[in-house]
Structure formats: structure tokens, C-alpha cells
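So the chains spell out like this:
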Amino acid sequence: MGMNAAAGGGGGSRRGRRRAAVMAEINVTPMVDVMLVLMIIFMVSAPLMTSTIDIDLPIASGGKSASQNAPPLTVSVKRTGGSCNSAVETYIADALVPQNELAAKITAIRSTRTDTDNTVFLRGDRDVCYTDMMKLLGMVRAAGFKANIVILPEQGS
């Protein structure tokens, strides 16, 4: 009887033991750790890259324009000569408006429009100075409009 006890329970026999089941699950914890580290790296490095990137905007097509009862108001500034703050022409739609009458006309137009139709498109010539555009933006915002500055990319870029 001593022989049977030594053979069945002793070291090295596989007959009495069961093998551990194979684990068929994916451990997601390391992947989540890696993704969090990458997210932190991108969050830190993204603001550093925005000031040095020189890009050419693509030309987009498609999309639907919002249906409006009245066409949106367009105010354009064109530099006619000289240096900054010297000679600019301002247009509302296609009509030339003197600089001293511009704020009054924008305010009068705002009083005729509804609250849902309060967007103005600002178009500035390439040669117009920043200060001229900011003055126009200030007049439009003071009248109660929301302003969208229109930028068109060059053809073929």
C-alpha cells in the first residue's frame, strides 16, 4: 500500500493535477495607459505648433447655404493708396459709403433687421491695414451685428 501512495501523490506525476485554464481575455489596462500618455503629449504639444505652421487653405466645394429671407449684409474695405490709415474706401453691398456716415448707416440697417438675421460679412482687400479692419469690426459690433470676416484662398493653392 505504501507504493501506491508514493506513486499517486508524489512529485512529477501529472495524473492527479489539472492544468490551469488558458486565459482568453485581452488586458486593456496597458493600452489605456499608452493612450492617456499620448493624449497628454498631444495636448501639450498642439499649442506649441500652431504659431509656426504656415498653411495654404484648400478650396472647398459643396455644402448648403442657410436659407435666409434677406441676403446677408456685406461690408467691404478697399485701400486706394498711401500707407496704413490713409486712404480706404468702404462699401456696403456695392454702394460706396463715406467713412463719416458708415456707423450711422450700419446702425440704421441693424434696426430694420430681425434678431435671427444679424450677421455681417466683412471683406477686406489684401492691402488693407489691420487697424482699418478692426475699426470696421468695432463699428459693426457696436451696431449689434455678429461679424464674419471673409477670407478666400488663392486659386490653385
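What comes next concerns the included structure. Predicted model only: the values in this text are computed from it and were never measured.

1. Focus: the nonpolar core
If you look at the biggest cluster of nonpolar residues, it comprises 15 residues, and the most contacted ones within it are I106 and L136. Looking at this core, the element that brings in the most residues is helix 4 (residues 130-143), giving 4 residues. Setting aside its immediate chain neighbours within four residues, L136 contacts V75, V77, L102, I106 and L122.

2. With respect to the packing of helix 3 (residues 102-112) against helix 4
One can describe the packing of helix 3 onto helix 4 by two numbers: an axis separation of 9 Å at closest approach and a directional angle of 35°. By crossing handedness, the relation of helix 3 to helix 4 is classed as right-handed. Note on element contacts: helix 4 touches helix 3 through L136, M139, V140 and A143, opposite L102, A103, I106, T107 and R110. A per-class count over the contact of helix 3 with helix 4 returns 7 nonpolar, 1 polar and 1 charged.

3. Section: helix 4
Side chains of residues three or four places apart in an α-helix project in the same direction, reflecting 3.6 residues per turn. Over its 14 residues, helix 4 runs 20 Å from end to end, which matches the ideal 20 Å to within 8%, given 1.5 Å per residue. In this fold, the buried residues of helix 4 make contact with strand 1 (73-81), strand 2 (87-92), helix 3, strand 4 (119-124) and strand 5 (146-150). Positive phi shows up at G144, right after helix 4, with a value of about 105°.

4. Considerations on unusual backbone geometry
With a phi angle near 60°, A93 is a residue other than glycine that sits in the positive phi range. Here A93 is to be found in the loop between strand 2 and strand 3 (95-97). In this structure A93 comes out as partly exposed when scored by relative accessible area, which is 47%.

5. Digging into the pairing of strand 5
As judged from the 5 bridges shared by strand 4 and strand 5, these two strands associate in the parallel manner. By the bridge assignment, V120 is partnered in strand 5 with A147. Following the backbone out of strand 4, through helix 4 and into the adjacent parallel strand 5, one traces a crossover that is right-handed.

6. Here we look at the sheet that holds strand 1
In space, the 5 strands of this open sheet follow the order 3-2-1-4-5, with mixed pairing throughout. The strands lining the two open edges of the sheet, one partner per strand, are strand 3 and strand 5. Adjacent strand axes in the sheet meet at a mean angle of 30° when their direction is disregarded. Its contacts with the sheet put helix 3 on strand 1, strand 2 and strand 3, and the angle it makes with strand 2 is roughly 15°. Of the strands in this sheet, strand 1, strand 2, strand 4 and strand 5 are in contact with helix 4, which crosses strand 4 at around 170°.

Each value, and the rule that gives it
Residues numbered from 1 in each chain as written. Predicted model: local features only at pLDDT ≥ 70, side-chain atom pairs only at ≥ 80, totals over all residues. Heavy atoms only, no water. Core = buried A, V, L, I, M, F, W, Y, C linked by side-chain atoms within 4.5 Å. Buried < 20%, exposed > 50% of the residue type's maximum accessible area, 1.4 Å probe, protein only. Helix = DSSP H or I, 4+ residues; strand = E, 2+ residues; numbered from the N terminus. Contact = heavy atoms within 4.5 Å. Axes fitted to C-alpha atoms, helices over the stretch in contact; angles between N-to-C directions. Left-handed = near helix turned anticlockwise from the far one by under 90°. Nonpolar A, V, L, I, M, F, W, Y, C, P; charged D, E, K, R; others polar. Expected span 1.5 Å × (residues − 1). Pairing = 2+ DSSP bridges. Right-handed = clockwise from strand over helix to strand, strands pointing away.

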